[in-house]
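Observations on the model geometry
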Amino acid sequence: MKKIEHIGIAVKNLDESNQLFAKLFGESHYKIEKVASEGVKTSFFKSGPNKIELLEATNPESPIAKFIEKKGEGIHHIAFAVDDIEAEIERLSEEGFVVLNRTPKKGADNKLVAFLHPKTTNGVLIELCQDIKP
């Protein structure tokens with residue numbers, strides 16, 4: 001894992017949260033994107049070298065809707081950049097981590113993603129991210 005790629009924050013209302021975070025960071029989001037496979041609409045902010053991803057559910061069955069229902073708004077996951085997501089999935093599986101999706105899938109911000117189950121990471125949902133190469 002090279003670095004923290006972004007921190008994901010579950011929100012109830014993306015428009016209201018975009019306004020709040022724009023005030024916080026002193027600048028607007030740089031991208032809004034829907035990820036239909038996850039049932040979310042995302043918004044990305046930069047703060048120095050760091051990225052924040054806001055996630056709003058687009059349907060009541062999405063993982064974000066269920067997260068907010070159970071825990072409320074707040075930090076949903078920490079994403080780490082990797083060079084080879086498939087090799088990292090294999091390595092982490094061999095180390096005993098439960099990988100929620102053994103085959104990486106397309107996520108937001110032009111990334112391949114895979115998640116580690118929070119039961120094996122001290123309650124933190126970990127996302128692995130690899131840039132999709134053109």
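Here goes a summary of the coordinates provided. (Residues numbered from 1 in each chain as written. Predicted model: local features only at pLDDT ≥ 70, side-chain atom pairs only at ≥ 80, totals over all residues. Heavy atoms only, no water.)

A few words now on the layout of surface pockets. Here the largest pocket is characterised by a volume of approximately 730 Å³. Taken together, 32 residues make up the lining of the largest pocket; nearest its centre are Pro63, Ile64, Phe67, His76 and Leu125. Elements supplying a minimum of two residues to the lining of the largest pocket: strand E3 (40–47), strand E4 (50–57), helix H2 (63–71), strand E5 (74–81), strand E6 (105–107), strand E7 (111–116) and strand E8 (125–131). Considering every element that reaches the lining of the largest pocket, the biggest residue donor is H2, with six residues. Per-class residue counts for the lining of the largest pocket are 16 nonpolar, seven polar and nine charged. (1 Å grid on protein atoms, 1.4 Å probe; cavity = no way out; pocket = protein on both sides within 12 Å on 5 of 7 lines; lining within 4 Å. Points joined across faces, edges and corners; volume = space filled by probe spheres on them. Helix = DSSP H or I, 4+ residues; strand = E, 2+ residues; numbered from the N terminus. Nonpolar A, V, L, I, M, F, W, Y, C, P; charged D, E, K, R; others polar.)

Among the nonpolar cores identified, the biggest contains ten residues, and these are Phe80, Val82, Ile85, Ile89, Leu92, Val99, Ala114, Leu116, Ile126 and Leu128. Elements with a minimum of two residues in this core: helix H3 (85–94), E7 and E8. Per-element accounting of this core gives the leading share, three residues, to H3. Residues within four places of valine 82 in sequence aside, it is in contact with Met1, Glu88, Leu128, Cys129 and Gln130. The next biggest cluster of nonpolar side chains, apart from the first, holds nine residues, and it includes Val35, Phe44, Phe67 and Ala108. (Core = buried A, V, L, I, M, F, W, Y, C linked by side-chain atoms within 4.5 Å. Buried < 20%, exposed > 50% of the residue type's maximum accessible area, 1.4 Å probe, protein only. Contact = heavy atoms within 4.5 Å.)

At aspartate 109, a position not held by glycine, the phi torsion is positive, near 60 degrees. Residue position: aspartate 109 is located in the loop between E6 and E7. Relative accessible area serves as the criterion here: at 11%, aspartate 109 is assigned to the buried category. Of note in this structure, asparagine 110 is not a glycine but carries a positive phi near 60 degrees. For asparagine 110, the location among the structural elements is in the loop between E6 and E7. On the basis of relative accessible area, asparagine 110 is assigned to the partly exposed category, the value being 40%.

Attention shifts here to H3. For H3, every residue scored as buried is listed here: Ile85, Glu88, Ile89 and Leu92. On an axial view of H3, the arc spanned by its buried residues comes to 105 degrees, and they lie on one face. Pointing more than 90 degrees away from the buried face of H3 are the exposed residues Glu86 and Glu94. Lining the buried residues of H3 we find E7 and E8. Measuring from the side-chain oxygen of the N-cap residue of H3 to the backbone nitrogen of glutamate 86 gives 3.3 Å; that N-cap residue is aspartate 84. Downstream of H3 by one or two residues, glycine 96 has phi in the positive range, about 100 degrees. (Arc of directions from axis to C-beta. Polar contact = N/O pair within 3.5 Å; in protein donor to acceptor, adjacent residues only side chain to side chain.)

On to the side chain of asparagine 18. With respect to the secondary-structure elements, asparagine 18 resides in helix H1 (residues 14–25). When residues no more than four places from it in sequence are discounted, the contact partners of asparagine 18 are His29, Ile32, Ser43, Phe45 and Leu54.

Okay, the environment of glutamate 90 next. Note that glutamate 90 resides in helix H3. Sequence spacing of glutamate 90 and arginine 102 is twelve residues, and the spatial spacing of their C-alpha atoms is 8.4 Å. A distance of 3.3 Å separates the side chain of glutamate 90 from the side chain of arginine 102, its partner in a polar contact.

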